[in-house]
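Commentary on secondary and tertiary structure
These are the residues of each chain, in order.
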Amino acid sequence: MTAIKHALQRDIFTPNDERLLGIVNVCKAGKKKRNCFLCATVTTERPVQVKVVKVKKSDKGDFYKRQQTWELRDLMEVDAKDASKENPEFDLHFEKVYRWVASSAAEKNSFISCIWKLNQRYLRKKVEFVNVSSQLLEESVPSGESQSVAGGDEDALDDYQELSAREEQDIEGMMEMCEYAVSNAEAFAEQLSRELQVLDGANIQSIMASEKQVNILMQLLDEALGEVDTIEGKLSSYEEMLQSVKEQMDQISQSNRLIQISNTNNVKLLDEIQFLVNYMDLSKGHVRALQEGDLTSPKGIEACINASEALSQCMNVALRPGHDKLAAVTQQQLLFAELRDTFARRLTNHLNNVFVHQFNHFSHFKMTMPQFYRSSCLSLPGHDQSSTLSQHSEMSLPKHSPLHRDLLRYAKLMEWLKNTHREKYEGLSRTYVDYMSRLYEREIKDFFEVAKIKMAGTSKEAKGKFATLPRKESALKQETESLHGSSGKLTGSTSSLNKLTVQGANSRRSQSSSLLDMGNMSASDLDVADRTKFDKIFEQVLSELEPLCLAEQDFISKFFKLQQHPAVMPPLAQPETEEADGGSVSRIPPQAEHRQSLSSEKDLVRLMMNKIFQSIETELNSLIALGDKIDSFNSLYMLVKMSHHVWTAENVDPASYLSTTLGNVLVTVKRNFDKCISAQIRQMEEVKISKKSKVGILLFVTGFEEFAELAETIFRNAERRGDLDKAYVKLIRAVFTNVEKVANESQKTPRDVVMMENFHHIFSTLSRLKISCLDAERREAKHKYTDHLQSYVINSLGQPLEKLNHFFEGVEARVAQGVREEEVSYQLAFNKQELRKVIKEYPGKEVKKGLDNLYKKVDKHLCEEESLLQVVWHSMQDEFIRQYKHFEDLIGRCYPGSGITMEFTIRDMLEYFSSIAQSH
């Protein structure tokens, strides 16, 4: 091991200015690899750096190489595994744990001892040693080879001190002064010894000479000690005096502290008293207003509002900890609760009385004035009741602004009641909705009764029906309610609207059926003024309902304070259904009213409006059904008007009651509009033509024209233009299909004539109205008209020159079979003699006679409404001239040089056509 140590020092550590102090032969635990050495080294230069180096013998040769180096300051722990038994295993904890097995336990102990010494000297016991024998750390390492390796060099390290640069210069200077310092060391040593003795003697004499001065110095020190004792005595007396002053100051400070605490407590107590007095005290005026304030006069209401706000502030004050245990506070809270209950009871009773009074006032006015007027009108003998009501009953709904204005004075009190007494607030809500729903139901029914009478009076059939009504008011009411449904109880279902009929005597049933058949009549059979009047009536109905609903919704929001904060829904808004004549009417279950809530106050307002105006949607549906049965084209007016009002309502508030209700009714109107379109299509499919008369322009073609003219007038700048465009497409396709169907079934009139006339009429209508969505159909109609005109002309012209046509068709057939044109005249059936014979059969007189007969036949085929006779006759003239030129061309090509020509010229033909047209 010594040889290895010297080799490592020479080859590895000396070149790096390092000295090897400890070494151990190890291998990694659990792995069978070649052994290596762990070396403990220090640097020769200061500051000293201590390292642990792993050295391994090279595989190629006997030299060693440094493999890994750790700083000793990075070593955290040395674990010897077992302190009581000899064990060669040990662990070194650097950044990770390295497990080693030494070649012997003695080498391990020697290396750990060396590490311990280096730790003690350079690292100030930073490294922790675990499972290491205390004897090994306290005593020297046992003798042996490892002892000499680890200990000897460390002792040498402790004794060795290098010379400084100045010491080296002094030694060199002294050696230069003595010439034989190097050659004769003994002489040089003797000289140095003599000089040292001389210096020692000088030092002793100098010490003896300074004894007197030392004595003087000692005397001065004694005097200084005396002065120090005197000063210490004075300081002690001063300290005793200061101690007594300190005790007195402590007593004064304690007294001041107690006075300050007392003052602080007094200030806090005064603050608490002022807080309770300021926030828990209600003035006598407020108490008097709450107990007996006048709720009818503006001043009294203002005083009650101020008192209720002051009471709310007193009751909602945030008490500080401990206030609730004070008897005065508890007593004041009981007083406030009693005042709150008393005033809430007074306010509730007063508002209930106001609701009842206003309801009775409006009901009395509504029941007395119209009834008196109506009975006076009905008592006149032979008086037309429907005429009287339609002329004198104004179509207007009563305005409730005075009621709203009176009640809005209590809006702040309602907000106070909502925040303090939820049950009484909900009770008032129920009362208001109950009274107003009955009042509005009566007013709306009367309003729609007048509207229906006016609307039914717009047609002669309806006027005749209503003219037979009995004279008594009860019969009038029963007849009018038959338009609504059974006994005025309405339903909102579509099926009930489809089943709605006008009930009456046998004579009136026949007239009612005529109303139902009006949809099958053409628009020209109805008075345009009646439709305009119906449009105005329907618009007036919607214009009256819209401000009424908006005003009521605005009042509910302001009066019941349903805009500021999310609140529990008043129970009145929860619907329950009661069966009434096969329908359902919204009712409110009292048991469920206190448990249900809404997420939004807008929904709450809308549900309250549903309860108050529960009859509007049903009445509107009934009115729409009546208008549709009077004239199915009324659905166009209603669709436009209703769409406009829905669009306006949605722009104001998409979630409002008015927007929702009108939107639901719009669905019914749109359904009726679709039924109107379907009915017209069904009429087209069911049309039957006479076998004995010519067809002419079909009724459904003129019906489409009138429908389009009416629709374009109604839907000008309308929001629902898309619905009309879809209806146009359905109708025009049905018109096209059924025109072809009728043309195929026609026996009296040729198919081409039916197609030509009707598609010409359709094309003229679409061109005049300029309906953009039907541009493709307009072009298609023109194409069909042109094709069938050409087909009719060609088929008709084949008859006047029939033999000549057959002859030249044979000539063209021979040419098509391959016979040369100039050789056709050699064919037996088509020689020149045969051609002259055929031409002689058609002199000018015969041609004119044939054309005259053709004109008469065409005149019989065509109808007078469309005025296509001259158009067709001019087309025949052009076609006849084309055929004439074609025949002449064939004669010139197939019979060249023969000199054969027709017995009439083009000028003759033009004269024939002109004279025939003028003669008729």
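Position labels on residues start from 1 in each chain and follow its written sequence. Residues qualify for local features only when their pLDDT is at least 70, as the model is predicted, and side-chain atom pairs are given and counted only at 80 or more; totals for whole chains, interfaces and linings, by contrast, use all residues. By convention in this description, side-chain values take in all heavy atoms of the structure and omit both hydrogens and water.

1. Comments concerning helix α26 (residues 751-769)
Because each turn of an α-helix spans 3.6 residues, side chains separated by three or four positions end up pointing in the same direction. Secondary structure counts use DSSP, requiring at least four H or I residues in a row for a helix and at least two E residues in a row for a strand, with both numbered from the N terminus. Expected helix span is taken as 1.5 Å per residue step, with the number of steps being one fewer than the number of residues. Its 19 residues give α26 an end-to-end C-alpha distance of 27 Å, which sits within 8% of 27 Å, the value for a rise of 1.5 Å per residue. Exposure categories follow from relative accessible area, calculated using a 1.4 Å probe and restricted to protein chains: below 20% of the type maximum is buried, above 50% is exposed, and the middle band is partly exposed. Of all 19 residues in α26, 15 are buried; the element is thus mostly enclosed. Where α26 ends, the next residue or the one after it, lysine 770, has phi of about 55°, a positive value.

2. A look at the nonpolar core
Think of a nonpolar core as a cluster: buried Ala, Val, Leu, Ile, Met, Phe, Trp, Tyr and Cys residues, connected wherever their side-chain atoms sit within 4.5 Å. If you look at the biggest cluster of nonpolar residues, it comprises 176 residues, and the most contacted ones within it are Tyr432, Ile556, Val872 and Met876. Excluding residues that lie within four positions of it along the chain, isoleucine 556 makes contacts with Tyr432, Lys561, Leu562, Val605, Met608, Met609 and Ile612. Counting residues in each nonpolar core, the second largest holds 31 residues, with Trp70, Val78, Phe94 and Phe111 among its members. Should any heavy atoms of two residues lie within 4.5 Å, those residues are counted as being in contact.

3. Quick look at the pairing of strand β6 (residues 89-93)
Within β6, four of the five residues are buried, which leaves the element mostly enclosed by the surrounding structure. As paired strands, strand β5 (residues 77-79) and β6 are joined by three bridges and run antiparallel to one another. Within the sheet, the bridge partner assigned to glutamate 77 lies in β6 and is histidine 93. Pairing between strands is defined by DSSP: at least two bridges between them are needed. Strand direction decides the pairing type here: β6 and strand β7 (residues 97-102), joined by five bridges, are antiparallel. Following the sheet pairing, phenylalanine 90 is matched in β7 by tryptophan 100. The hairpin turn running from β6 into β7, its antiparallel successor, is three residues long.

4. As for a negative patch on the surface
A contiguous patch of negative charge on the surface is contributed by Glu167, Glu168, Asp170, Glu172 and Glu176. Considering the arrangement of structural elements, one finds aspartate 170 in helix α5 (residues 165-177). In this scheme, patches are assembled from residues that exceed 30% relative accessible area and form no salt bridge. Like charges are connected within 9 Å, while nonpolar side chains (Val, Leu, Ile, Met, Phe, Trp, Tyr) are connected within 5 Å. Residue burial considers only the protein chains on display, and all accessible areas are found by Shrake-Rupley using a 1.4 Å probe. Any carboxyl oxygen of Asp or Glu within 4 Å of a side-chain nitrogen of Lys or Arg constitutes a salt bridge here. Positive charges are assigned to Lys and Arg, negative charges to Asp and Glu, while His and the chain termini are left out of the count. Charge placement uses NZ in Lys and CZ in Arg. For Asp and Glu, CG and CD serve respectively.

5. So, the pattern of salt bridges
Within the structure shown, the criterion is met by 30 salt bridges. Taking the shortest distance from any N to any O, the salt bridge between aspartate 674 and lysine 670 comes out at 2.8 Å. In this pair, aspartate 674 and lysine 670 are both assigned in helix α23 (residues 657-685), four residues apart and thus about one turn of the helix distant. Between arginine 721 and glutamate 712 there is a salt bridge, with the nearest N and O atoms lying 2.8 Å from each other. Note on arginine 721: relative accessible area 24%, which makes it partly exposed.

6. What about the environment of leucine 789?
Position of leucine 789 relative to the elements: it lies in helix α27 (residues 775-797). As a C-alpha pair, leucine 789 and leucine 868 span 79 residues in sequence and 9.9 Å in three-dimensional space. Leave out the neighbours within four places in its chain, and leucine 789 touches Met756, Val871, Val872 and Ser875.

7. As for the packing of aromatic side chains
Each aromatic pair joins two rings of Phe, Tyr and Trp (for Trp, the six-membered one) with centres within 6.5 Å, and gets the label stacked for planes under 30 degrees apart, edge-to-face for over 60, and tilted for any other angle. By the definition in use, this model includes 26 aromatic pairs. Arranged with centres 5.5 Å apart and planes meeting at 90°, the rings of phenylalanine 807 and phenylalanine 808 form a pair that is edge-to-face. With a relative accessible area of 7%, phenylalanine 807 lands in the buried category. Here a set of aromatic residues connected by ring pairs shows up, and it is made of Phe355, Tyr425, Tyr432, Phe555, Phe559 and Phe560. Two thresholds decide whether a charge sits over a ring: the Lys NZ or Arg CZ must be within 6 Å of the ring centre and within 35 degrees of the ring normal. Across the ring face of phenylalanine 275, the terminal group of arginine 320 is positioned such that the distance to the ring centre comes to 4.3 Å.

8. Concerning the side chain of asparagine 738
Looking at the secondary structure, you find asparagine 738 in helix α25 (residues 721-745). Other than its neighbours up to four places away in sequence, asparagine 738 contacts Met684, Glu685 and Phe700.

9. Comments concerning the environment of serine 791
Looking at where serine 791 falls in the secondary structure, it is placed in helix α27. A C-alpha to C-alpha distance of 9.5 Å links serine 791 and valine 753, two positions 38 residues apart in sequence. N or O atoms within 3.5 Å of each other form a polar contact, as long as, within protein, one can give a hydrogen and the other can take it, and as long as residues adjacent in sequence are counted only when both atoms are side-chain atoms. A polar contact is formed between the side chain of serine 791 and the side chain of aspartate 752, at a distance of 2.9 Å.

10. As for the sheet that holds strand β8 (residues 128-130)
One open sheet accounts for eight strands, arranged β4-β3-β2-β1-β7-β6-β5-β8; its pairing is mixed. With one partner strand each, in any of the chains shown, β4 (64-71) and β8 form the two edges of the open sheet. Taken pair by pair, the neighbouring strands of this sheet meet at an average axis angle of 30°, ignoring direction. Here strand β1 (residues 18-28) pairs with β7 via three bridges, running antiparallel. Across the sheet, valine 26 pairs through a bridge with alanine 102, a residue of β7. Together, β1, β2 (36-43), β3 (50-57) and β4 form the strand contacts of helix α1 (residues 2-13), whose direction differs from that of β1 by roughly 115°. Between the N-to-C directions of two axes lies an angle of 0 to 180 degrees, each axis being a line fitted to C-alpha atoms and, for a helix, fitted only over the stretch in contact.

Distances and angles like these do not, on their own, reveal function.
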